[in-house]
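Chain and residue survey
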Amino acid sequence: MPADTTPPLLEMFRFPRLRAAQVLEVLAQVAEAHGDLDAAGLRLGQTEPGWYVLYLPARRDRDRSGAGARLHQDLVGAVQAVAGAATIGRGSQQAAPHATEGLFAPGAGAVVITAEAAERATAPETPPAELLVVASRTGDTGAITSVIRKGRDARIMTGEAGRVAILVENSAESYGTVSDMLGRGDLPPDLVALRPWSAGRGTLWLPLDLGTPAPGTLQALGRIREAMGDRPPGAPPPDVACLRAPNGVGFEIHVLPAPAEAARVADALAPDQEPLQVFDIRTLTYVDAPEAARALSQEILRHADRIGYRIRLHPVPPGVGRGMDVEPLLEQIEDLRLRIAQVKALGAPQQRLLRFSDAQLPAMVDALRSLPPEALRDGSLLYAAGHSEGRAEPAHFLLYDATALHLRFPQSLWQSRTESRPMSYWLEPFVAEAQLAAPTNTRVFVPDRHMLSPSLAHFGGDVDGTLKLVLGSLFVSLGDLASDPDRQPYFVFSPRTDDPAILEVEVVDGALFAPVQQQIGWMNDYLQVRGPNVVAPETLQAVAEELYEGAFVEEVRKGVCDQVAAATRDWDAALDRVRADAAALLDAHVDELEGVTRRIAQAHAYLRGAEAELAGLEELMQIAAGALQGRAEVEAVLQGKDKTIRAAAETFSEAMDHELARGTDRIAAAERRLATLHARFEELSRWRR
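These numbers come from a predicted model, not from an experiment.

About the thresholds
Residues numbered from 1 in each chain as written. Predicted model: local features only at pLDDT ≥ 70, side-chain atom pairs only at ≥ 80, totals over all residues. Heavy atoms only, no water. Core = buried A, V, L, I, M, F, W, Y, C linked by side-chain atoms within 4.5 Å. Buried < 20%, exposed > 50% of the residue type's maximum accessible area, 1.4 Å probe, protein only. Helix = DSSP H or I, 4+ residues; strand = E, 2+ residues; numbered from the N terminus. Contact = heavy atoms within 4.5 Å. Patch = residues over 30% accessible without salt bridge, like charges linked within 9 Å, V, L, I, M, F, W, Y side chains within 5 Å. Areas by Shrake-Rupley, 256 points an atom, 1.4 Å probe, with all protein chains shown as cover. Salt bridge = Lys/Arg side-chain N within 4 Å of Asp/Glu carboxyl O. Expected span 1.5 Å × (residues − 1). Pairing = 2+ DSSP bridges. Axes fitted to C-alpha atoms, helices over the stretch in contact; angles between N-to-C directions. Phe/Tyr/Trp six-rings, centres within 6.5 Å; stacked < 30°, edge-to-face > 60°. Lys NZ or Arg CZ within 6 Å of the ring centre and 35° of its normal. Left-handed = near helix turned anticlockwise from the far one by under 90°. Nonpolar A, V, L, I, M, F, W, Y, C, P; charged D, E, K, R; others polar. Parallel < 35°, antiparallel > 145°, perpendicular 65-115°, else oblique.

Within the largest apolar cluster, 43 residues are counted, with the highest numbers of intra-cluster contacts made by F15, V26, L37, L54, L75, L204 and L206. Among the elements of the structure, α1 (20-34), β4 (51-57), α2 (67-83), α3 (106-119), β9 (192-199), β10 (202-207), α6 (215-227) and β11 (239-244) are those that each provide at least two residues to this core. Tallying contributions element by element places α1 first for this core, with eight residues. If we skip the residues at most four places from it in the chain, V26 touches L18, L54, L75, A78, V79 and V82. Counting 21 residues, the second-largest nonpolar core is a separate cluster that includes L354, F356, L368 and L381.

A few words on a nonpolar patch on the surface. On the surface, V316, V320, M324, V326, L329, L330 and I333 cluster together into a nonpolar patch covering about 610 Å² of accessible area. Among the structural elements, L329 can be located in helix α9 (residues 327-346). A relative accessible area of 40% places L329 in the partly exposed class.

Helix length check: α1 (15 residues) gives 21 Å between terminal C-alpha atoms against 21 Å at 1.5 Å per residue, within 8%. Looking only at α1, the buried set comprises A20, V23, L24, V26, L27, A28, V30 and A31. Looking at the packing, one finds that the buried side of α1 touches β2 (18-19), β3 (43-48), β4, α2, α3 and α6.

Okay, the sheet that holds strand β14 (residues 351-356) next. The strand order β20-β19-β18-β17-β14-β16-β15-β21 describes an open sheet built from eight strands, whose pairing is mixed. With partners counted over all chains shown, the strands left at the sheet margins are β20 (503-509) and β21 (514-515), one partner each. Contacting β14, β15 (382-386) and β16 (395-401), helix α10 (residues 361-369) crosses the sheet at an angle of about 30° to β16.

Its identity is not glycine, yet R449 carries a phi of approximately 65°, on the positive side. The class of R449 is exposed, set by a relative accessible area of 62%.

Another aspect to go through is the pattern of salt bridges. For the structure on display, the rule yields 12 salt bridges. For the salt bridge of R421 with E504, the shortest nitrogen-to-oxygen distance reads 2.6 Å. On the criterion of sequence distance, the pair formed by R421 in the loop between α12 (411-417) and β17 (424-427) and E504 in strand β20 is long-range, its members being 83 residues apart. Two residues, R599 and E592, come together in a salt bridge whose shortest N-O distance is 3.7 Å. Classification of E592 by relative accessible area gives partly exposed; the value is 34%. Through salt bridges with shared partners, a single ionic network connects R355, E419, R421, E504 and E506.

This model, assessed by the stated rule, comprises three aromatic pairs. A centroid spacing of 5.7 Å and a plane angle of 35° characterise the contact between Y490 and F513, whose relative ring orientation is tilted. You can see Y490 sitting in strand β19 (residues 489-495) and its partner F513 sitting in the loop between β20 and β21, a full 23 residues away along the chain. Above the ring of W51, the side-chain terminus of R17 is found at 4.4 Å from the ring centroid. In this structure, R417 is placed above the aromatic ring of W414, and the distance from its NZ or CZ to the ring centre is 5.6 Å.

With that settled, consider the packing of α1 against α2. Running from N to C, α1 and α2 cross one another at 145°; their axes reach a closest spacing of 9 Å. Between α1 and α2 lies a crossing of right-handed hand. Between α1, through Q22, E25, V26, Q29, V30, A33 and H34, and α2, the contact on the second element is made entirely by R70, L71, D74, L75, A78, V79 and V82. Looking at the contact of α1 with α2 residue by residue, the class counts come to eight nonpolar, three polar and three charged.

Once that is clear, we can look at the packing of α1 against α6. A pair of packed helices is characterised by two quantities: the angle between their axes and the separation of those axes. The geometry of α1 relative to α6 is characterised by a closest axis approach of 8 Å and an angle of 30° between their N-to-C directions. Relative to α6, the element α1 lies roughly parallel. Along this stretch, α1 crosses α6, giving a crossing that reads as left-handed. Here α1 contributes A21, L24, E25, L27, A28, Q29, A31 and E32 to the contact with α6, which in turn contributes T217, A220, R223, I224 and A227. The residue inventory of the contact of α1 with α6, partitioned by class, reads eight nonpolar, two polar and three charged.

Structure (structure tokens):
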């Protein structure tokens, strides 16, 4: 026997259809009087887009306090007041069985109704000052990282079902550029950006492509959420975000914590790796001491004659008067403040970094030869070589303290002969000043007498964490150089030779820097290979093989083989994980599709039952219409014969009275005759005896 798939029925009052704004106003009025409408059993149903129906269960056997009757009475009054109708139909006064499938609670329903109403409005063109980006933790992590990097004061919140929400500032004053990134069409589908709307004391977040909700709907939603919910007295309702479900069917409502409770991304990812310092904390408690207060008062009175101010006359400076324009003075003040900040930043300890390409190696050799021998042996001058992507030749770096050592070489001459890229760099002043308060291993170098604008020190949070978040994601081959707190990444900013407006960033591992005296042997070998005296390719190959063959080559080969084997193992493990995740995802999609198929089948069955009920109702309406038509004809005939019936009734009444009188006379005559016969019977009886 097949299972019964008929939706469950419940005896409920059904109110007439209302528009979105009307149903929100009704819910607001009733919620302010009765509180939690979800617990009271009130439910909503959607008949078509923009139209909704209220259902209230008829709980006669369970409602002993009369609260259900009062709720029904207040609901009837609110619907009549909002809809502007004297009567609201028989269904709101007499309960009948209704299917409960497809109905939803008013608490979440009010949020969804507001979101659906916004779908039919025009979206604002101005980007919001704050953005909430909702994404999946298992989705495109690159897009999430871009949102964090391009936003300001990012706060992260994790939720159920693998969802994550990121709250960022997007104002132009804080250099937020998340809106520009969201304008592209290559973002993952599971990443949704939302705009805040004020609803009473709470905030409603809706997707950017939705229109502006009507002020009345937001006010009504704020009243509903203020009256409903279990929270401490005086506490505002929590912020909520409403967006379409990932499968496109239904909505998701995300209940968010207060912004102050959300974790800052920079604070969560960078400072946690810093070592803790020991602090000596003492607590001093101040108490009421009358003797000390009297002694202090006497001391103040003893010096009272010498306490005061010396005054004098001071002329008004020339050019100062009423109506004078103060804007130039304010601009001068702002310019002086900027200069003061720059002077303070330049007071931080400075390190110098010299960068030489292969073609500029003679300049580096000349600079080293100009130094005294002790300067090369004391370890104050450090050397390192690094490779950049897209460059076949390495770059050579010299790092030293500018206050203890000075290197001289004709920088402009070598730039004109080789390339125009800067050769002398210093620590970015504002970053160096910020790192005085929180020392880190990261360094930022910019060309001499230049600085970054806007400064990385103004992004909020820890400078080291900001550098790793903002710059670390630009390089795909850094490994743990940007994430390990014990590593020393040095970021070198340089303008491009063809377009100075575009900056190029090189990353050098600070651990590679070693004293020059330890690198002289390698530098001489490298100069011999790259020197202008070796011009024949055969000779160059022979010198290179003589220098680098042997144990070093074997060590490099072994390291490469180990890295290839490790990469192969990682690749196989990644493929296994991808296959397992894909299989789990396919199983989840199959289950979801089967569930959707079952719900569609139930919906078809319900629609077929509804069609049969409608057909029966139409037939009953036709019968009722025919009966009403026959009744009208009978009334017309009766109205025509009213006088005849009245006359016949009077005649019948008179005839009945006459017959009644005649019957009374006959009864009296019969009684007299019976008395006569009885007397004769008595006489005959006596005669017989």
